[in-house]
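Overview (structure and organization)
Residues per chain are reported as follows:
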Amino acid sequence: MESYPLNPARLPPGTVIGRWRLLEQCGRGAFGVVYQAESVDGTPGVVALKLALDPGDARFVREAELLGRVHHPAVPRLLDHGRWQPRDGVSHAWLVMEWVEGVSLYDWALAQRPSSRQVLHLLARLARALEATHAAGGVHRDVKGDNIRVRGADGQPFLMDFGSGHHLGASTLTWHPFPPGTPAYRAPEAWRFVLGPGKPATVPYAPSPADDVFALGVTAYRLVTGEYPPSPHPRGDEAWLWDPDKLALWTASTRNARCVPELSALVSRMLSPRPEERGRAREVAEALERAARKVGPEADVPLFTGEERRPAGLFPPVQRVSVRRPTRAVRWSEFVAAGLGASLALGVGVLWSTRPVEPSEQMHVAEGEEAKDGGTIAVGDAALTAPVEPERAPSMLAAIRAELPPKPLPRQRRPDSAGRCSGKGLVAINGGCWTKLSLDVKDCDFATDGFVYKGACYVPVWTPQRPSTSGPANRDDAP
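Residues numbered from 1 in each chain as written. Predicted model: local features only at pLDDT ≥ 70, side-chain atom pairs only at ≥ 80, totals over all residues. Heavy atoms only, no water.

Along its length, the protein carries 9 helices and 18 strands. Across the 479 residues in the protein, those meeting the buried criterion constitute 59%. For the protein, long-range pairs separated by at least 24 residues make up 71% of all intrachain contacts whose partners lie at least 6 apart in sequence. As displayed, the protein offers around 19,400 Å² of accessible surface, 53% of which is attributable to carbon and sulfur atoms. (Helix = DSSP H or I, 4+ residues; strand = E, 2+ residues; numbered from the N terminus. Buried < 20%, exposed > 50% of the residue type's maximum accessible area, 1.4 Å probe, protein only. Contact = heavy atoms within 4.5 Å. Areas by Shrake-Rupley, 256 points an atom, 1.4 Å probe, with all protein chains shown as cover.)

Spelled out as structure tokens, the structure:
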């Protein structure tokens, strides 16, 4: 009987990789798949084994190198790594990490309704994890709530998803203007570098530790207020809110009166438009720890009661398009599921837009409590949120790109009654308006937010939406 090589996306239980025996698949994303596994020598306990789908993917090697350098109790330990060879001439990188049983940060907040003091302690631990990462010569590049697990046993947070990370001496794997990461958490200096006045950047933006601190500030703001801070996108409708004299309009305590001033001030510090004013991760951690010790009993009041209604907003509600970026063999309509309570996740790209933007400016936010947290083009290892559909598993060599959906996306511009889309270069396809990019289909991926159609790359055109500054902004994404 003819034998077929094993597909890394659907390996049967009992498959042995290195010294680990697979138990079950826990999640799959665009670049890798995660299995729960155990040691073949009978050592008790389970681990998370992440396996590359693409045999040529160098991200896993870089991730293993960075994790091997970072040693902190808030970062899951790297236990093993290597290459799995299903057939001659082909090998897939894999790594094994400590299994953390818990939920994502925002799911934890929904269930626990933490106080300001609890949040101060939690953020301090995460800042210490960043301190260890930066001390090892690395940057995380994708700090966000979706990449933070809170352990159910003791409420301890863990910084996950080092698949987006970079470290000194590592080679550059992509050459897009923005590196892997989540645009909703992108620092103002990154936006200015790529989209600021003058000639377009000729080299990719290089995130620094200050970018990680800013992303932790966005995470903290979202945790405390239930909403994202205004986008610092220089061409966005919210850019004016980043003027120095406007920052006080949207502090954490302004948006949530239950937030104590000490916590609000530290969140604002991490969100400073000036990188040098944020402080290093160690300094931020020390300030958070000091505040947690000194705040009074008002800091023990839960930040949310579960019955909150959003006050009038300074910026528009987050508009979400729940579109998973699948491989060719996976249906475009598969949506990211939230809260599977495991330790690692595989990054899945999604779209976010509160206004029509140029293809190179697309911003991201996803649907579902895990996926609504932005969208990333990294390998990802934080939430295990991708639903598993073994019978539709991707090919080992499947291209990482999405086919154009059969119907318009939510908030996508529609053609007029004559079936035409007004605007230069716009075309009507499957009931929606699209822009064709001058890209090879192999580059039509997460970085471009592109969809493949008839051998070309297209991006959706969005219906304009302006922020309301007079009426209530009914948000549905609060913890």
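Here the focus is unusual backbone geometry. Within the chain, Arg-113 stands out as a residue other than glycine whose phi angle is a positive 50°. Arg-113 sits in the partly exposed class, given a relative accessible area of 38%. Residue Asp-161 is not a glycine yet carries a positive backbone phi of 55°. Mapping Asp-161 onto the fold places it in the loop between β10 (157-159) and β11 (166-167).

With that settled, the discussion passes to the environment of Glu-98. Considering the arrangement of structural elements, one finds Glu-98 in strand β6 (residues 90-98). With 21 residues separating them in the primary sequence, Glu-98 and Arg-77 have C-alpha atoms 5.3 Å apart.

So, on to the confidence of the model for the protein. Looking at the protein as a whole, its pLDDT mean stands at 76, while 69% of the residues score no less than 70. Note on residues 311-371: pLDDT is under 50 here. Beyond four places in sequence and across chains, it has 264 contacts. Residue range residues 375-401 is modelled with pLDDT below 50. Its contacts to residues more than four positions away, or to other chains, number 141 contacts. (pLDDT = per-residue confidence, 0-100.)

A few words now on the state of the cysteines. Under the counting rule described, the total for this entry stands at 1 disulfide. Between Cys-421 and Cys-433 runs a disulfide, and the two sulfur atoms are separated by 2.0 Å. Its S-S torsion of approximately -90° makes the covalent link between Cys-421 and Cys-433 left-handed. Of this pair, Cys-421 sits in the loop between β14 (402-403) and β15 (426-429) while Cys-433 is found in strand β16 (residues 432-437), placing the two residues 12 residues apart along the sequence. (Disulfide = S-S within 2.5 Å.)

This brings us to the sheet that holds strand β7 (residues 102-104). With respect to topology, 3 strands assemble into an open sheet ordered β7-β9-β10, the strand pairing being antiparallel. The outermost strands of the open sheet, each flanked by one partner alone, are β7 and β10. With direction set aside, neighbouring strand axes in the sheet form an average angle of 30°. By the bridge criterion, 3 bridges tie strand β9 (residues 148-151) to β10 in an arrangement that is antiparallel. If you follow Ile-148 over to β10, its bridge partner there is Leu-159. Contacts from helix α3 (residues 116-135) reach β9 and β10 within the one sheet, and its direction differs from that of β10 by about 25°. (Pairing = 2+ DSSP bridges. Axes fitted to C-alpha atoms, helices over the stretch in contact; angles between N-to-C directions.)

As a further point, take the sheet that holds strand β3 (residues 32-39). The antiparallel open sheet is built from 6 strands, whose spatial order is β1-β2-β3-β4-β6-β5. Either end of the sheet is taken by a strand with one partner, and the two such strands are β1 (16-17) and β5 (78-87). Docked against the sheet, helix α1 (residues 59-69) engages β3, β4 (47-52), β5 and β6, running at close to 30° with respect to β6.

Here we come to the pairing of β4. Counted residue by residue, β4 has 6 buried out of 6 residues, so it is predominantly covered. The two faces of β4 match: Val-47, Leu-49 and Leu-51 on one face and Ala-48, Lys-50 and Ala-52 on the other face are all buried. Summarising the sheet, β3 and β4 pair through 6 bridges and their orientation is antiparallel. By the bridge assignment for β4, Ala-37 is matched with Val-47.

All right, on to the pairing of β6 then. Extensive coverage of β6 is indicated by the burial of 8 of its 9 residues. Of the strand pairs in this sheet, β5 and β6 are connected by 7 bridges, and their pairing is antiparallel. Opposite Trp-84, over in β6, you have His-92 as the bridge partner. The turn joining β5 and β6, which pair antiparallel and follow one another in sequence, is formed by 2 residues; a positive phi near 85° is taken by Gly-89.

For Gln-25, the location among the structural elements is in strand β2 (residues 20-28). A polar side-chain atom of Gln-25 sits 2.8 Å from the main-chain carbonyl oxygen of Ala-9. At 3.3 Å, the side chain of Gln-25 forms a polar contact with the side chain of Arg-28. (Polar contact = N/O pair within 3.5 Å; in protein donor to acceptor, adjacent residues only side chain to side chain.)

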